[in-house]
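Chain by chain, the residues run as shown.
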Amino acid sequence: MRYDYRAIDRAGRKVRGQCESVGLLELENRLRERGLDLITATEQPLAQRRLARMPRREWLHFWFQLKELLAAGVALQEALLDLGKAEDHRQRLVAEALLDGISHGATLSGAMAAEGSFNPVAVGMVRAGEMAGRLPEAIGKLLDELQREDEMVGMARRVLIYPAFVAAVIAAAVFFLFYDLVPQLEIFLANMGSELPWQTRLLFASSALLREYGLLIFSGSLLLVLCLVALPLLSAAMRLRFDAMLLAIPLFGQIIRKIALARFAGTFSMLYASGVSVLEALGTTRDISGNRAIRRALYDAEANIRAGRGISLAFNDTGLFPQFVVRMFAVGEATGALDRSLANVRHFYQREVEETAKQAERLLEPTLTLMLGFLLGWIILAVIGPIYDVVANVGF
């Protein structure tokens, strides 16, 4: 049974946490070994017996601290006991869950797998480190991979933040102009009695259309977006087709594909260098690929390898991986340095992601600026022109 408990440490501070135990007496003894005195404990409902999801940055902190403690010669249980005193509630729960599993005779990787909330790559890396007797080094490699993923995700976010901001500015400008300013200008110009040019009539018609059917247009657009999001959830075939379409989107699809390939190559290289077999490494990378089309291609490659095909031929048969990746697999097979070849693939695609992200920023900034300028220029031309004509025709 897992309990939510409240306890007090030797410094008099109150501590909350979770602990696996067969009963309250054993729970009290376990906490006493950690220097805690039990105050209250309640059995946790089965549906809640999963670790809270932690942001990537918190995982980085957790693995960094564990690696440093183990590298300094601290025993695993003592290191987890120390991490169990962390101020962050989620990190404390992670450390306590692992400590409970190890106390019941499991290895660190076994405790991670049993908990079910850990990344499969992390479980595979830790298991490989335990088998080789080099757990701190394995955790260090895992930490490096998490840092690289964090950098790539940061780059992808930077590409998306600016377009989202400019799009919000354009939407706010259109809303203000079409709902407030343009109707007032329409009344003013109508009272002048002069003939309006076509661009002015188009502006007033667009404003009237937006005021009359704006809510319907917004609702329809929102419904369309929801349908596009919900359709892939209807069936596995739709999800696969949707993810394949994502990879085919110009520019953004290239970024998604390159991030996925860099993540795959780096993870596969890391697992293979740690002693994990090719098939097991493929199974792990397939589960964390993040794109169903790539996951399907990895599944097909794994099936072909099991059937006796060479690694490079199996990846070539999927039709999804670039020839560069296939050639690097072939080089790795020929030289016996598959991990080094895929590490080169990871470095190549990381650099490609950086360059593509910068290219997208350079392309999007002037494009969106021109869109906003065109909108404002159209409104100014449509309004200032008739006003100028009216003023020019007024005799003094």
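Residues numbered from 1 in each chain as written. Predicted model: local features only at pLDDT ≥ 70, side-chain atom pairs only at ≥ 80, totals over all residues. Heavy atoms only, no water.

(A) Broad picture of the overall build of the protein. Scanning the protein for helices and strands turns up 15 helices and three strands. Counting across all 396 residues of the protein, residues that qualify as buried make up 41%. The contacts of the protein with a sequence gap of at least 6 include a subset with a gap of at least 24, amounting to 62%. Carbon and sulfur atoms make up 60% of the accessible area of the protein, which amounts to about 21900 Å² in all. (Helix = DSSP H or I, 4+ residues; strand = E, 2+ residues; numbered from the N terminus. Buried < 20%, exposed > 50% of the residue type's maximum accessible area, 1.4 Å probe, protein only. Contact = heavy atoms within 4.5 Å. Areas by Shrake-Rupley, 256 points an atom, 1.4 Å probe, with all protein chains shown as cover.)

(B) Region of interest: the side chain of S312. Counting through the fold element by element, S312 comes out in helix α13 (residues 311-318). When its relative accessible area of 11% is taken as the criterion, S312 is described as buried. Non-local contacts of S312, meaning those with residues more than four positions away in its chain, are made with V326, F329, A330 and E333.

(C) Expanded view of the packing of helix α3 (residues 76-83) against helix α4 (residues 89-103). Between α3 and α4, the least distance of the axes is 8 Å, while the angle of their chain directions is 150 degrees. In terms of their interaxial angle, α3 and α4 are classed as roughly antiparallel. Handedness of the crossing formed by α3 with α4: left-handed. Residues L76, Q77, L80, L81 and L83 of α3 pack against Q91, R92, A95, L98, L99, I102 and S103 of α4. Residue classes in the contact of α3 with α4 are distributed as eight nonpolar, three polar and one charged. (Axes fitted to C-alpha atoms, helices over the stretch in contact; angles between N-to-C directions. Parallel < 35°, antiparallel > 145°, perpendicular 65-115°, else oblique. Left-handed = near helix turned anticlockwise from the far one by under 90°. Nonpolar A, V, L, I, M, F, W, Y, C, P; charged D, E, K, R; others polar.)

(D) Representation of a nonpolar patch on the surface in the model. On the surface, a nonpolar cluster with roughly 410 Å² of combined accessible area is contributed by L209, Y213, L216 and I217. Structurally, L209 can be placed in helix α8 (residues 198-230). A residue is classified by how much of its surface remains accessible, and L209, at 46% relative accessible area, is partly exposed. (Patch = residues over 30% accessible without salt bridge, like charges linked within 9 Å, V, L, I, M, F, W, Y side chains within 5 Å. Salt bridge = Lys/Arg side-chain N within 4 Å of Asp/Glu carboxyl O.)

(E) The arrangement of the nonpolar core in detail. With 68 residues, the main nonpolar core has W63 and L66 as its most contacted residues. Looking at this core element by element, the count peaks at ten residues for helix α10 (residues 252-273). Listed in part, the 16 residues of the second largest apolar core include V182, L189, F204 and V383. (Core = buried A, V, L, I, M, F, W, Y, C linked by side-chain atoms within 4.5 Å.)

(F) How the structure looks around the environment of T267. With respect to the element layout, T267 can be found in helix α10. Residues T267 and L142, spaced 125 residues apart in sequence, show a C-alpha to C-alpha distance of 8.9 Å.

(G) How the structure looks around the confidence of the model for the protein. For the protein, the mean per-residue pLDDT works out to 78, and 89% of the residues sit at or above 70. Taken together, the stretch residues 46-50 has pLDDT below 50 and engages in eight contacts with residues farther than four places along the chain or on a different chain. (pLDDT = per-residue confidence, 0-100.)

(H) Quick peek at the pattern of salt bridges. Under the counting rule described, the total for this entry stands at six salt bridges. Salt-bridge contacts for K67 lead to E68; the nearest nitrogen and oxygen are separated by 3.4 Å. For R309, the salt bridge goes to D317, with nearest N and O atoms at 2.7 Å. We classify R309 as partly exposed; its relative accessible area is 37%. Judged by relative accessible area, D317 falls into the partly exposed class, the value being 43%.

(I) Here's a closer look at the packing of aromatic side chains. The final tally for this structure, using the stated rule, is 15 aromatic pairs. Both rings, one in W59 and one in W63, keep their centres 6.4 Å apart while their planes meet at 20 degrees; by these two values the pair is stacked. Taken as a pair, W59 and W63 lie in helix α2 (residues 56-71) at a separation of four residues, close to a single helical turn. The exposure classification of W59 matches that of W63, with both residues buried. Centre to centre, the rings of F62 and W63 are 5.2 Å apart; their planes meet at 75 degrees, and the pair counts as edge-to-face. Looking at W63, the relative accessible area reads 2%, which means it is buried. Aromatic ring contacts, followed pair by pair, group F264, F268, Y272, F315, F321 and F329 into a single cluster. (Phe/Tyr/Trp six-rings, centres within 6.5 Å; stacked < 30°, edge-to-face > 60°.)

(J) Quick look at the environment of A297. Mapping A297 onto the fold places it in helix α12 (residues 292-306). Separated by 19 residues in the primary sequence, A297 and N316 place their C-alpha atoms 9.9 Å from one another. Excluding residues that lie within four positions of it along the chain, A297 makes contacts with T318, L320 and F321.

(K) Region of interest: the side chain of S341. Here S341 lies in helix α15 (residues 338-393). In terms of polar contacts, S341 uses its side chain to reach the backbone amide nitrogen of G332, at 3.4 Å. Apart from residues lying up to four places away in sequence, S341 is in contact with M328, V331 and G332. (Polar contact = N/O pair within 3.5 Å; in protein donor to acceptor, adjacent residues only side chain to side chain.)

(L) Main features of helix α14 (residues 323-335). The end-to-end C-alpha separation of α14 is 18 Å, in line with the 18 Å expected for 13 residues at 1.5 Å each. Buried within α14 are the following residues: V325, V326, M328, F329 and G332. Around the axis of α14, the buried residues are gathered within 160 degrees of arc, so they sit on the same side. Facing away from the buried side of α14 by over 90 degrees, the exposed positions are A334 and T335. (Expected span 1.5 Å × (residues − 1). Arc of directions from axis to C-beta.)

(M) Geometry of the packing of α2 against α4. Direction vectors running N to C along α2 and α4 enclose 50 degrees, while the axes themselves pass 10 Å from each other. The angle between α2 and α4 places the two elements in the oblique class. The way α2 lies across α4 gives a crossing that is right-handed. Counted together, E58, W59, H61, F62 and Q65 of α2 and R90, Q91, V94, A95 and L98 of α4 form the full contact between these two elements. Split into classes, the residues belonging to the contact of α2 with α4 amount to five nonpolar, three polar and two charged.

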